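Chain residues, written in single-letter form:
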Amino acid sequence: MSDGRGFSTRAIHEGEQPKGIVEEPISTPIWLTSDYFYEGLEHYADVVNERRPGFVYGRYGNPTHVALHRVLASLEGAEAAWSFASGMAALHVAITALVKTGGHVVAQRTVYGGTLSLLKEVLPDYGIQTTFTEMEAAAVAAALRPTTGAVLVETLANPTFRVADVRGIADVCAEAEIPLVVDNTVATPWLYRPIEALPCETLVMHSTSKYIGGHSDLIGGAVACSAGRMERIRFLAMEQGGTAGAFDAWLALRGVQTLGLRMERQSATALALARSLFDHPKASRVGYSGLPQHPDHERAVDLFGERGFGAMLSFTLTGGYEAASRACAALQVARVGSSFGGLNTEVTHPGTTSHRQFSAEERVAAGIGDGLIRCSVGGEDPDDLIADFAQALEKA
Ligand SMILES: Cc1ncc(COP(=O)(O)O)c(C=O)c1O
């Protein structure tokens, strides 16, 4: 009803959030607001200068972010967490919070292609160099320099899914007092919680676009670490502008609720599929540490315990790229897809896609052969997937 105020004034103000709601919503609401109202100038100044708790601006975090940060910190056993617009934004902030111009990083040879690109093509322009090495304690110890400010490891290396010697490397880091950054995207905290398990200062990072979100509908990242280290991470997120958008933060918050359910189911299916591929004459080098024949099986059991071995696997077609292409085209339940961690089973050829940033020599050194197919095992019924891969391999 018109109250004397003009049309546009009412259009803007009558839709403001209703006051005095006492019932709590079961689903944490999404705060799609960039800015906030205050009682007056002093109130705003007190909040923005952190003399009083409150919210200021979307880039500094909103109540949806607070809920997401709380759950991610809790699941990773960390004191604090922050969410980012992507896994790459999270990684960039984690590294630059630890390493300054003139500094040095030791990273694993087999990493996600974007990570390789950041370390090899971007950070050197800012005076940060990286040595790439095997993820064994002795190799990491040998690569350390007086300027090394961080060691970076993927718990389960994308796309070979070799298991890093995380414990041995953490001992080296503890001795040298160098922080360890663990990309826990593939393992997820359901499988492994590095901050709880390791003796050195550990920062965990995630592409929440994958299992944390779990539904192939968001791009996001996160860093979890100690409260002290988080001060700089949060500052960089705010000043570099990489904080997650509210909607993506909300999707991650919704998705993480079922992380355990999804990982349990998808890991069990991955093990069943890996077993069936292991027996197949056209597939070799099945990259799944849950197989007793896998070179990292004991290490995986040691790290992950009873929980399983994750939902990602790779295998190599003896017929090389041509055979891989034919097999992928023949799949009917699984599909060729560009990412992983969702409920749809996706396959990809890392050598020509996710790891295209690697040179031919780097691919060989990283174990990414021409016939290697990466598979993100989704939530479909295991028998349907096993049958689908069996019929596709016949056509390889
Ligand atoms: C292991 C790993 N870390 C980090 C990233 C980067 O995450 P995002 O794509 O969310 O930026 C990816 C992306 O595929 C990844 O596989």
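That block above? That's the structure.
Note that the coordinates shown come from a computational prediction; the quantities given were computed from them, not determined experimentally.

K.L.:
How do you make sense of the nonpolar core when you look at a structure like this?
P.N.:
Here is a general trend for soluble globular proteins: nonpolar side chains tend to be buried in one another's company. Leu 180, Phe 304, Leu 313, Phe 315, Leu 317 and Phe 389 are the most contacted members of the largest nonpolar core, which has 82 residues in total. Here this core gets 7 residues from one element, more than from any other, and that element is helix α12 (residues 259-278). The contact partners of Phe 304, leaving out residues within four places of it in the chain, are Thr 155, Leu 156, Val 163, Leu 191, Tyr 192, Ser 289 and Phe 309. The next biggest cluster of nonpolar side chains, apart from the first, holds 37 residues, and it includes Ala 89, Cys 225, Met 230 and Ala 366.

K.L.:
What exactly am I supposed to notice about the state of the cysteines here?
P.N.:
Disulfides are covalent bonds that connect the sulfur atoms of two cysteines. Counted under the stated rule, the structure contains 0 disulfides. In this model Cys 328 remains outside any disulfide bridge; the closest cysteine sulfur is found in Cys 375, 9.0 Å from its own. Owing to a relative accessible area of 12%, Cys 328 belongs among the buried residues under this scheme. According to the relative accessible area criterion, Cys 375 is buried, its value standing at 0%.

K.L.:
What am I meant to see in the sheet that holds strand β3 (residues 129-133) here?
P.N.:
The pairing of strands in a sheet comes from backbone hydrogen bonds and takes either a parallel or an antiparallel form. Here we have 7 strands laid out as an open sheet, ordered β1-β7-β6-β5-β4-β2-β3, and mixed in their pairing. In this open sheet, the two strands that pair with only one neighbour each are β1 (80-84) and β3. Within the sheet, the average angular offset between the axes of one strand and its neighbour, ignoring direction, is 20 degrees. Of the pairings in the sheet, the one linking strand β6 (residues 202-207) to strand β7 (residues 221-225) comprises 4 bridges and is antiparallel in character. Across the sheet, residue Val 204 finds its bridge partner in β7, namely Ala 224.

What counts and how
Residues numbered from 1 in each chain as written. Predicted model: local features only at pLDDT ≥ 70, side-chain atom pairs only at ≥ 80, totals over all residues. Heavy atoms only, no water. Core = buried A, V, L, I, M, F, W, Y, C linked by side-chain atoms within 4.5 Å. Buried < 20%, exposed > 50% of the residue type's maximum accessible area, 1.4 Å probe, protein only. Helix = DSSP H or I, 4+ residues; strand = E, 2+ residues; numbered from the N terminus. Contact = heavy atoms within 4.5 Å. Disulfide = S-S within 2.5 Å. Pairing = 2+ DSSP bridges. Axes fitted to C-alpha atoms, helices over the stretch in contact; angles between N-to-C directions.

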